[in-house]
Amino acid sequence: MFVPSICYGAIFGDGNDANGVEDGRVAAPANLLSAVGTIFCDGGLRGTGTHIDSGLATGHKERPSIIVTAAHVLFDANTGAPFSDCSYRPENKRLRSVPFAQVSSHAYQPLAKDKMRQSETDIVFVALQRHLYQDRLPLAQTDNTSGLQLLAYNPSNERIDISGGCQTYDSVNFKSKDLLLHNCDAERGSSGGPLLQMKNSDSETQAVGSVIAIHGGTLSSAGNGVPGAKVQPEKWINQARKVDRALLLRLQEFLAYLRKGSAN
């Protein structure tokens, strides 16, 4: 029986060891970096998060700031227990760290054996304790994956990088309407990073993006591949949870819950 496994993320290339690891990540541009950060829980960096445009008015300190990330970064992978103390660091800046206030409902099960189902539920919204005066990125429901890029933490240089020129794939083994399969370069710490559909701004001077999926890790049917290996979507491929109608509805329900709590 086919049983997929999950690892943190993969760097893809042509499989030629003489070429070395073909890492396509570069420093993120300032206009995108200003909307992302890292997730720290119980003393360790666990993943990447994105400050999103939730539809609430900007510039009001009493409006909650909402980030989105992969649900698994909030759990101990060995015990399945949730971390007790989590915070968000805008642009990975330690001195600007903001503690979590409230985590949205989700169906993620950290010790589940069904790895496809686990990947499909690996997304969560978080309200922060303080308002962020940080840029926000919009969520977008789309099947257009042109100009795809992954914005995420890179442990090799301890900064948030962007992986561009990404492609999407179809797979029989890993077929899911909820997942986007891709070859954006990623490693530990990249989980929760936004996959962006890029387009030029009105001024044509810089690229802007909408979040169309949240990176979760690598689905594998043959163990962990060698870094730099050629993409094999039936055996080894990166995956991200798509932004869809159900997810946008969950965000609205979470916001309504937060407003109700504020009123009380």
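Described in the following lines is the structure provided in the data block. Within each chain, residue numbers correspond to sequence positions counted from 1 in written order. Thresholds applied to this predicted model are a pLDDT of at least 70 for local features of residues and 80 or more for the giving and counting of side-chain atom pairs; totals over whole chains, interfaces and linings are not thresholded and use all residues. Computation of side-chain values: all heavy atoms of the structure, hydrogens and water removed.

## Considering empty space enclosed by the protein
Rule in force here: A cavity here means a set of points on a 1 Å grid, drawn over the protein atoms and nothing else, where a 1.4 Å probe fits but cannot get out; a pocket is an open set with protein on both sides within 12 Å along at least five of seven lines, and a residue lines either one if it has an atom within 4 Å of a point. Grid points are joined across faces, edges and corners, and a volume is the space filled by probe spheres set on the points. Strands are runs of DSSP state E lasting at least two residues, helices are runs of H or I lasting at least four, and both sets are numbered from the N terminus onward. Note on residue classes: Ala, Val, Leu, Ile, Met, Phe, Trp, Tyr, Cys and Pro are nonpolar, Asp, Glu, Lys and Arg are charged, and everything else, Gly too, is polar.
Under the criterion given, the structure shown has one cavity of 30 Å³ or more. Considered as a void within the structure, the largest cavity measures approximately 30 Å³ in volume. R25, L150, A152, Y153, D161, I162, S163, D185, A186 and S190 are the residues that line the largest cavity. Sorting the residues of the lining of the largest cavity by element identifies β9 (148-154) and β10 (159-163) as the ones contributing at least two each. The residue inventory of the lining of the largest cavity, partitioned by class, reads five nonpolar, two polar and three charged.

## Overview of the layout of surface pockets
What the largest pocket holds in volume is close to 530 Å³. Every residue lining the largest pocket is counted, 24 residues in all, and those nearest its centre are Y8, H72, F75, A77 and Y108. Of all the secondary-structure elements, those providing two or more residues to the lining of the largest pocket are β1 (5-7), β4 (44-51) and α2 (115-120). Looking at the lining of the largest pocket residue by residue, the classes come out as ten nonpolar, nine polar and five charged.

## Let's talk about the nonpolar core
This is how the line gets drawn: Grouping buried Ala, Val, Leu, Ile, Met, Phe, Trp, Tyr and Cys residues that are joined through side-chain atoms within 4.5 Å yields what is termed a nonpolar core. Note on classification: 1.4 Å probe, protein chains only; a residue is buried when its accessible area is under 20% of the maximum for its type, exposed when over 50%, partly exposed between these limits. When checking whether two residues touch, look at their non-hydrogen atoms; a contact exists if any pair is within 4.5 Å.
Core analysis: the largest hydrophobic core is formed by 25 residues, its most contacted members being I66, F125 and L151. The set of elements that each furnish at least two residues to this core consists of β5 (66-69), β8 (124-128), β10, β13 (194-200), β14 (207-220) and α3 (245-263). For this core, the element with the highest residue contribution is α3, accounting for five residues. Look past the residues within four positions of I66 in its chain and what remains in contact with it is T50, H51, I52, S54, F125, V126, A127, L251, F254, L255 and L258.

## A few points about the sheet that holds β8
Paired through their backbone hydrogen bonds, the strands of a sheet run either parallel or antiparallel. Rules: DSSP-based pairing: two strands are paired if at least 2 bridges between them are found. Under this scheme, a helix contributes an axis fitted over its contacting stretch, all axes are lines through C-alpha atoms, and angles between N-to-C directions fall in the 0 to 180 degree range.
Sheet architecture is closed into a barrel: six strands sit in the order β3-β4-β5-β8-β7-β6, paired in antiparallel fashion. The mean inter-strand angle of the sheet, taken between neighbouring strand axes irrespective of direction, is 45°. Sheet topology note: the strand β3 (residues 36-41)/strand β6 (residues 86-90) ladder contains five bridges and is antiparallel. Bridge pairing in β6 links G37 to P90.

## Quick word on the environment of N238
The cut-off we apply is this: Whenever two N or O atoms come within 3.5 Å, that pair is a polar contact, provided that in protein one can donate a hydrogen and the other can accept it, and provided that, for residues adjacent in sequence, both atoms are side-chain atoms.
With respect to the helices and strands, N238 occurs in strand β15 (residues 236-242). Distance in space between the C-alpha atoms of N238 and Y169 is 9.6 Å, their sequence separation being 69 residues. Within polar-contact distance, the side chain of N238 engages the backbone nitrogen of A10 at 3.2 Å. From its side chain, N238 meets the backbone oxygen of C184 in a polar contact 2.8 Å long.

Such coordinate-based values are descriptive only and should not be taken to indicate function.
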